[in-house]
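The primary structure of each chain is shown beneath.
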Amino acid sequence: MAPKHGLNTLQPPEDTHKRAKTSSTPASRSATPAEATGKVPFVVHYPNVSSKKKLSKKDQELVDHAEEQLSPFIAKGRAKDGELDQYYTVTPTPEWEAMKKYNNFIIQGEVYKNNHFVYVRSDETPSQKDLDEENLKLFWVARILQVRAQNAQHVYALVAWMYWADELPPPKVRAPDQMTAAGGKRTYHGKHELIASNYMEVLDVLSFAGKADVLQWEEEDDNIQSKLYWRQTYCRETQELSKIREHCVCKGHFNPEVSMFICDNPTCKIWLHKACLIDDILKKTYEKLAANDPEINGTAKPNGKPRVKSKPYEGKFSARIKDVEDSAPMIIIKDLRPGKESKEWEEEIFCPKCDTVLS
Ligand SMILES: [Zn+2]
Ligand SMILES: [Zn+2]
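Notes on the structure follow. Values in this document were obtained by computation on a predicted structure and should not be read as measured data.

### Here's the deal with the overall build of the protein
Within the protein, the regular secondary structure consists of four helices and 18 strands. Pairs at least 24 residues apart make up 63% of the contacts formed inside the protein by residues separated by at least 6 positions. For the protein, the exposed area adds up to about 20,200 Å²; of that, 50% sits on carbon and sulfur atoms.

Written as structure tokens, this is what we have:
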């Protein structure tokens, strides 16, 4: 079995290889040696060890051989301690248990140990592709939990998968910061962001393409620019992402590739999204200048009740922020109302939370 990368189990059966479907070069896979795709005879199960019900013989066997895996990923915003810890059983169990455990192994001169992060060749990684900065996302990323070997030719690693944000499934309830309806990627996920999970799999170590440098980012700084990092986990059991630090009046999050404004009031110090600042200012502008304007159309619902718009200023005012280094950011507001003389003016920006001027 090829690496299934965990989340595929959430897809409908006909879509068991969600990445294979988007492959532009499926033919190249035939050139891939079987071992290099990580095909292994081992499967990871997650038996319910606390089930009170009488289990089938097969399920009881899985429970009897279950081992506890303490997750190496402790997210800052975890729902509870040990959230990602779980019991698992590898089948065929006798073959798995007969293999000796090792602390490390070497591929092409590189030493791999438990807890190391690795790049894994996926079904879609062109066989000739070597790892480089430009094509990292052609590879999957995993963390080694355990190594076992039959002999020097058959070395297997039990891994926990890391996901690129693009691979996340959509949440059960649509999130306001979801990028698209079809996927679970959020607006705050950065280019170099991985999401740690407790989806496990046994891989042939020949599918490893190299070691990955992945940091845990605790969101206490913003110096993670070009490194791979994780700050959030995805729990197999709850299918939920862990919480991350909240910012701004929208209680949203920080995408390290999108700069935010900070309020300099020492008792406030809130970080603010550009779009949220613009929204706040345009709402105030609308209240001040246009709330009493006669409406021409679109003000009432068919039942006669006034329409409550989340952006009442739309089509009437627009704004952009002028942010020049070494000077306070300013906002340039444009009056778009028909019949009014089109004009533009500049204002200082006030913190929407504490009303202090941003400097
Ligand atoms: Zn915001
Ligand atoms: Zn403030």
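### What to know about the sheet that holds strand β17 (residues 330-335)
Overall, antiparallel pairing links the three strands, which are arranged β16-β17-β18 in an open sheet. Here the strands that pair on one side only, and so sit at the sheet edges, are β16 (317-322) and β18 (343-348). Strand after strand, the sheet turns through a mean of 25 degrees between neighbouring axes, direction not considered. Looking at chain direction, β17 and β18 are connected through six bridges and run antiparallel. Within the sheet, the bridge partner assigned to D335 lies in β18 and is K343.

### Some remarks on the coordination of the zinc ion (ligand 2)
In this structure, C263 (SG), C268 (SG), C351 (SG) and C354 (SG) serve as the protein donors to the zinc ion (ligand 2), at separations of 2.2 to 2.3 Å. Metal-centred angles of 100 to 115 degrees between the four donor atoms at the zinc ion (ligand 2) mark the site as tetrahedral. All donors to the zinc ion (ligand 2) come from one chain, and their sequence spacing reads C-x4-C-x82-C-x2-C. Here the residue C263 occupies a position in the loop between β14 (261-262) and β15 (271-272), and C354 occupies one in the segment after β18, the gap between them amounting to 91 residues. Residue classification places C263 among the buried positions, given a relative accessible area of 0%.

### Describing the packing of aromatic side chains
Tallying each qualifying case throughout the model produces 14 aromatic pairs. Both rings, one in W217 and one in Y229, keep their centres 5.4 Å apart while their planes meet at 80 degrees; by these two values the pair is edge-to-face. A residue pair is termed long-range when its members are at least 10 positions apart, and W217 in the loop between β12 (214-216) and β13 (228-234) and Y229 in strand β13 qualify at 12 residues. Using a relative accessible area of 1% as the deciding quantity, one classes Y229 as buried.

The rules behind each value
- Residues numbered from 1 in each chain as written.
- Chains lettered and ligands numbered in written order.
- Predicted model: local features only at pLDDT ≥ 70, side-chain atom pairs only at ≥ 80, totals over all residues.
- Heavy atoms only, no water.
- Helix = DSSP H or I, 4+ residues; strand = E, 2+ residues; numbered from the N terminus.
- Contact = heavy atoms within 4.5 Å.
- Areas by Shrake-Rupley, 256 points an atom, 1.4 Å probe, with all protein chains shown as cover.
- Pairing = 2+ DSSP bridges.
- Axes fitted to C-alpha atoms, helices over the stretch in contact; angles between N-to-C directions.
- Donors = N, O, S within 2.8 Å, 3.2 Å for Na, K, Ca; no water.
- Tetrahedral: all angles 85-135°; square planar, octahedral: opposite > 155°, others 65-115°.
- Buried < 20%, exposed > 50% of the residue type's maximum accessible area, 1.4 Å probe, protein only.
- Phe/Tyr/Trp six-rings, centres within 6.5 Å; stacked < 30°, edge-to-face > 60°.

The analysis is restricted to geometry; functional conclusions fall outside its scope.
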